[in-house]
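Commentary on secondary and tertiary structure
Residues per chain, in single letters:
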Amino acid sequence: MSVDITIIALNFISSIAALLGAFFWFRSATLQVAYKNEPDADGDYSAVITTGENTDFINTVLAQSLWSKRGACSCGIAALLQGFALLLQIFKA
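Right, let's walk through the structure included here. All figures in this text were calculated on a predicted structure; none of them were measured in a lab.

Secondary structure assignment for the protein chain yields two helices and two strands. For the protein chain, the N- to C-terminal ordering of α and β elements is α-β-β-α. Taken over the C-alpha trace, the protein chain has a radius of gyration of 21 Å; the compact-globule value for 93 residues is 12 Å, which it surpasses by more than 25%. On the principal axes, the C-alpha backbone points of the protein chain span a range of 65 × 25 × 15 Å.

Take the pattern of salt bridges next. Under the criterion given, the structure shown has one salt bridge. One salt bridge connects lysine 92 with aspartate 4, and the closest N-O pair in it is separated by 2.6 Å. Here lysine 92, found in the segment after helix H2 (57-91), pairs with aspartate 4, found in helix H1 (residues 2-30); they are 88 residues apart in sequence, far enough to count as distant. Residue classification places lysine 92 among the partly exposed residues on the basis of a relative accessible area of 47%.

Turning our attention to H2. When the terminal C-alpha atoms of H2 are compared, their 51 Å separation across 35 residues agrees well with the 51 Å that a helix rising 1.5 Å per residue should span. Within H2, burial applies to Thr60, Ala63, Trp67, Gly71, Ser74, Ala78, Leu81 and Ala85. Contact partners of the buried residues in H2: H1 and strand S2 (55-56). Sitting at the amino-terminal end of H2 is aspartate 56, which places a side-chain oxygen 3.3 Å from the backbone nitrogen of isoleucine 58.

Let us now look at unusual backbone geometry. Positive phi values are uncommon outside glycine, yet asparagine 54 reaches one of about 60°. Mapped onto the fold, asparagine 54 is located in the loop between strand S1 (50-51) and S2.

Looking now at the environment of glutamine 64. Counting through the fold element by element, glutamine 64 comes out in helix H2. In this structure, glutamine 64 is in contact with Ser28, Ala29 and Leu31, ignoring residues within four places of it in sequence.

This next bit is on H1. An ideal rise of 1.5 Å per residue puts 42 Å on 29 residues; H1 measures up with 42 Å between its terminal C-alpha atoms. Taken residue by residue, H1 has Ile7, Leu10, Ser14, Ala17, Gly21, Phe24 and Ser28 as its buried positions. In this structure, the buried residues of H1 make contact with H2.

This part is about the packing of aromatic side chains. Throughout the structure, instances matching the rule amount to three aromatic pairs. Considering the side-chain rings of phenylalanine 23 and phenylalanine 24, the 5.8 Å spacing of their centres and the 55° angle between planes classify their relative orientation as tilted. You can call phenylalanine 23 partly exposed: its relative accessible area is 44%. Ring geometry for phenylalanine 23 versus tryptophan 67: centroids 6.2 Å apart, planes at 85°, classification edge-to-face. Of the two residues, phenylalanine 23 sits in helix H1 while tryptophan 67 sits in helix H2, which places them 44 residues apart along the sequence. For tryptophan 67, a relative accessible area of 19% gives the class buried.

Rules used in this analysis
Residues numbered from 1 in each chain as written. Predicted model: local features only at pLDDT ≥ 70, side-chain atom pairs only at ≥ 80, totals over all residues. Heavy atoms only, no water. Helix = DSSP H or I, 4+ residues; strand = E, 2+ residues; numbered from the N terminus. Rg over C-alpha atoms; globule rule 2.2 N^0.38 Å. Salt bridge = Lys/Arg side-chain N within 4 Å of Asp/Glu carboxyl O. Buried < 20%, exposed > 50% of the residue type's maximum accessible area, 1.4 Å probe, protein only. Expected span 1.5 Å × (residues − 1). Contact = heavy atoms within 4.5 Å. Polar contact = N/O pair within 3.5 Å; in protein donor to acceptor, adjacent residues only side chain to side chain. Phe/Tyr/Trp six-rings, centres within 6.5 Å; stacked < 30°, edge-to-face > 60°.

The following block contains the structure:
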């Protein structure tokens, strides 16, 4: 009986991790960072590439990379939990 509850819990947590992964990847695909004409910590103005409606290309790519990493980690956790749930189902008999 407790193995069945563990399998259900693993499946539930896995589905939440997969949904989080989908959210993170969607956020990564739609994210844009606006260009700010401000000096850095040294007082210098760095080179910038702007696209579209005043979008900072480099900072947008960096932010998208971070959100993609979160999505990949979340989906990896979901896959691991599904693997554990599957192994428990196979060996519970």
